[in-house]
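One letter stands for each residue in the lines below.
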Amino acid sequence: MEEQPIIIKRKKVVAAGHHGGSWKVAFADFATAMMAFFLVLWLTATASPEQKLAIEGYFKDPIGFMEGGSSSPVDLGGSASVINEATQDIDSSRIQIQDEVVDQLADTLEQRRMQQLFQELQERIEQNETLQEFKDQLLIDITDEGLRIQIVDRSGRPMFDSGRPELKYYSQDILFELANTLGSVNNKLSITGHTDATPFRGRPGYTNWELSSDRANTARRALVAGGVRLEQIARVVGLSDSVLFDKENPVAPVNRRISIIVLNKKTADGIETGAGRSDQPVIDLTRPSEEEQQEATDRLERGDWFQERQQPEPGELNW
């Protein structure tokens, strides 16, 4: 009779296999929740009535919350409040800066911009062949009104022919090159024409005032043709010989010049405000009186309001 083999069965028993260690995670969550709960109870017990109203208002409307004086739902005075984005409905605390400080900061920033433009023009003059050739006729400085560029006459090399408002060809090239830089800024421009003290003699009624104004307008047209925007022009003025560059020698060629000023914001606003319409003029000479209105009405009723204009006598100026 053959012997049967002996078979031994080994069963692996895992202790506490029905739950393992997951109870530790659940207990940790419970402990965290209880700690948060008791923390809320402690904050509620120590909060003032105003803080409780702030918390209540926040939970009623978190987005449009306006009450309580703080944009944080809980602010005990020493805790940090972080706001990522403020809406128009939130009355957040802002730092109040005096108007004088704001104006001073704006002037400082404007001064830096003028200094930067000054450096750009200097670099352009050094790199550009046309401007390099006539750099002895370019005077650049910073004034209270802004950055001033003066193009002056030199002996044997004037900007204009004597008594004429037309630009020399090389003067036009200078203005074209300057327009490339001036057209890239947002500042307003002021253009002024100057003459020397030599009286203009050519035609009746035409003086250095008209000549300086015509030359300033000629420079304006050249700048616009070179790239300056029309809306950049704020002022075109002819000053004749009232503001001499060389006061010791009133007839010196350097007195015949064109000044281009890149106006700062303060000066540009002053020009716009001063030339604008006033709501309550001190004296309004354009408004007719009651007697003048009545007289005009009577003339209309009589039909004698039309009168032929008299022709000027020979040699008489007709403005």
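See the structure shown above.
To start, this report covers the structure provided alongside it. From a predicted model like this one, the values you see are computed outputs, not experimental measurements. (Residues numbered from 1 in each chain as written. Predicted model: local features only at pLDDT ≥ 70, side-chain atom pairs only at ≥ 80, totals over all residues. Heavy atoms only, no water.)

1. Let's talk about the packing of helix α5 (residues 169–182) against helix α6 (residues 208–226)
- Running from N to C, α5 and α6 point in directions that differ by 60°, and their axes come no closer than 8 Å. One element, α5, and the other, α6, form an angle in the oblique class. Classified by chirality, the crossing of α6 by α5 is right-handed. On α6, the residues touching Leu175, Phe176, Ala179, Asn180 and Leu182 of α5 are Ala219, Ala222, Leu223, Ala225 and Gly226.
- Looking at the contact of α5 with α6 residue by residue, the classes come out as eight nonpolar, two polar and no charged. (Axes fitted to C-alpha atoms, helices over the stretch in contact; angles between N-to-C directions. Helix = DSSP H or I, 4+ residues; strand = E, 2+ residues; numbered from the N terminus. Parallel < 35°, antiparallel > 145°, perpendicular 65-115°, else oblique. Left-handed = near helix turned anticlockwise from the far one by under 90°. Contact = heavy atoms within 4.5 Å. Nonpolar A, V, L, I, M, F, W, Y, C, P; charged D, E, K, R; others polar.)

2. Section: the pairing of strand β3 (residues 189–194)
- Judged by how many residues are buried, β3 sits mostly within the fold: six of six residues are covered.
- Burial along β3 is two-sided: Leu189, Ile191 and Gly193 facing one way and Ser190, Thr192 and His194 facing the other are all buried.
- Handedness of the β3-α6-strand β4 (residues 233–238) crossover: right-handed.
- Judged from the six bridges that link them, β3 and strand β5 (residues 257–263) form a sheet pairing that is antiparallel. Residue pairing in the sheet places serine 190 in a bridge with isoleucine 261 of β5. (Buried < 20%, exposed > 50% of the residue type's maximum accessible area, 1.4 Å probe, protein only. Right-handed = clockwise from strand over helix to strand, strands pointing away. Pairing = 2+ DSSP bridges.)

3. Digging into the pattern of salt bridges
- All told, the structure shown has ten salt bridges when counted by the stated rule.
- With its nearest N and O atoms 2.6 Å apart, the salt bridge here joins aspartate 136 to arginine 157. On the criterion of sequence distance, the pair formed by aspartate 136 in the loop between α4 (129–133) and β1 (138–142) and arginine 157 in the loop between β2 (146–152) and α5 is long-range, its members being 21 residues apart.
- For aspartate 136, a relative accessible area of 36% puts it in the partly exposed group.
- Beyond isolated ion pairs, a larger network of salt bridges with shared partners links Asp153, Asp196 and Arg256. (Salt bridge = Lys/Arg side-chain N within 4 Å of Asp/Glu carboxyl O.)

What is shown is where atoms sit, not what they do.
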